[in-house]
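# Working through the structure, step by step
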Amino acid sequence: MYSTTSDKIYGFIMNLMTRYIIWLIVGGVVIVWFFFPDLMQTIGQIVLFWGPVIALVFTLILAITRTKIKAKRDEEHSITQYDITISKWELYLTDLLIYGGALLILVVPFLISENGVGVTDLIQALIYFIFATWIKQVFTNKILK
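Structure report, in brief. Counting from 1, residues in each chain are numbered in the order their sequence is written. With pLDDT at 70 or above as the cut-off, local features in this predicted model cover only qualifying residues; side-chain atom pairs require 80 or more to be listed or tallied, and sums for whole chains, interfaces and linings still use all residues. Side-chain figures throughout are based on the complete set of non-hydrogen atoms in the structure, without hydrogens or water.

Attention now goes to the overall build of the protein. Broken down by element type, the protein carries four helices and zero strands. Put simply, the radius of gyration uses C-alpha atoms, and a globule should come to 2.2 Å times the residue count raised to 0.38. Relative to the globule expectation of 15 Å for 145 residues, the C-alpha radius of gyration of the protein, 22 Å, shows a markedly less compact shape. With the C-alpha coordinates aligned to their principal axes, the bounding extent of the protein is approximately 55 × 50 × 20 Å. Only protein chains enter the accessibility calculation, which uses a 1.4 Å probe; a residue whose area is less than 20% of its type maximum is buried, one above 50% is exposed, and one in between is partly exposed. Put simply, the protein has 145 residues, and 10% of those count as buried. In the protein, the proportion of contacts linking residues at least 24 apart, taken out of those at least 6 apart, comes to 47%. For the purposes of this entry, the term helix denotes a DSSP run of H or I that reaches at least four residues, the term strand denotes a run of E that reaches at least two, and both are numbered from the N terminus. Two residues form a contact once any of their heavy atoms are found within 4.5 Å.

Structurally, the position occupied by I86 is in the loop between helix 2 (37–76) and helix 3 (88–112). When its relative accessible area of 30% is taken as the criterion, I86 is described as partly exposed. Separated by 54 residues in the primary sequence, I86 and T140 have C-alpha atoms spaced 9.0 Å apart.

As a further point, take helix 3. Between the first and last C-alpha of helix 3 there are 35 Å, a value that for 25 residues agrees with the 36 Å anticipated at 1.5 Å per step. Those residues of helix 3 that sit buried are I98, G101, A102 and P109. One fewer than the residue count of a helix, multiplied by 1.5 Å, yields its expected span.

A separate point is the packing of aromatic side chains. Any aromatic ring pair is given by two values, namely how distant the centres are and how the planes are angled relative to each other. Note on aromatic pairs: the rings of Phe, Tyr and Trp (six-membered ring only in Trp) are paired at centre separations within 6.5 Å, and the planes decide the class, stacked below 30 degrees, edge-to-face beyond 60, tilted for the rest. Scanning all chains against the criterion turns up four aromatic pairs. Ring geometry for Y99 versus F129: centroids 5.3 Å apart, planes at 50°, classification tilted. Here Y99 is found in helix 3, whereas its partner F129 is found in helix 4 (residues 119–144), with 30 residues between them in sequence. Classification of F129 as partly exposed rests on a relative accessible area of 28%.

What follows is about the pattern of salt bridges. By definition, a salt bridge exists where a carboxyl oxygen of Asp or Glu is found within 4 Å of a side-chain nitrogen of Lys or Arg. Tallied over the entire structure, the rule returns one salt bridge. For D95, the salt bridge is made with K136, and the minimal N-O distance between the two is 2.7 Å. With D95 in helix 3 and K136 in helix 4, this residue pair connects regions lying 41 residues apart in the sequence. Overall, the relative accessible area of 26% leaves D95 in the partly exposed class.

This paragraph deals with a nonpolar patch on the surface. Patch membership needs two things, relative accessible area over 30% and no salt bridge, and members are linked within 9 Å if like-charged or within 5 Å if nonpolar (Val, Leu, Ile, Met, Phe, Trp, Tyr). In short, Shrake-Rupley with a 1.4 Å probe defines the accessible areas, and a residue's cover is counted only from the protein chains shown. Nonpolar side chains collect at one region of the surface, where I22, W23, V26, V30, I31, W33, F34, F35, F36, L39, I43 and V47 lie side by side and expose about 1,300 Å² of accessible area between them. Of all the elements in the fold, those that place two or more residues in the nonpolar patch are helix 1 (5–35) and helix 2. The leading source of residues in the nonpolar patch is helix 1, at eight residues.

As a further point, take the packing of helix 1 against helix 2. Their axes nearest at 15 Å, the elements helix 1 and helix 2 cross at an angle of 175°. In terms of axis orientation, helix 1 runs roughly antiparallel to helix 2. Contacts from D7, Y10, M17, V29, V32, W33, F34 and F35 of helix 1 reach helix 2 at P37, L39, M40, I43, F58, I69 and R73. Considered class by class, the residues forming the contact of helix 1 with helix 2 number 13 nonpolar, no polar and two charged. Fitting a line to C-alpha atoms yields each axis, with helices limited to the stretch in contact; the angle taken between N-to-C directions then spans 0 to 180 degrees. Orientation categories follow fixed angle ranges, with anything under 35 degrees roughly parallel, anything over 145 roughly antiparallel, 65 to 115 roughly perpendicular, and all other angles oblique. Classification used: nonpolar for Ala, Val, Leu, Ile, Met, Phe, Trp, Tyr, Cys and Pro, charged for Asp, Glu, Lys and Arg, polar for all others including Gly.

What follows is the structure, encoded as structure tokens:
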């Protein structure tokens, strides 16, 4: 079933995460909910505030480790080069995401806030636009060469 040591370690970690850690977390949450309802409310507020950041960081860690494991496995099988095809439609879609995201950052405060769009919102939109454009350029320059 397992061919290398890294596959064994990966299988062990996945079994540990899926079988035991989840149940320990669920049990801990039930105990805290039953005996300390005020603490549960505080934890709920913290999770609501920091939940998206925690989910993004956890997803990033999973994506990085999955990519490294897959690259190592492909390297063992002598697969080291991939063909990537990008159509004009995908380039247009990335431009739409960049401009649409920056506009969305400006439109949401305009609709929600009484004061309208502030300086902070403009700075956020500018940072998003610069960062997203830079990432697009990095990927298109690496892929299209």
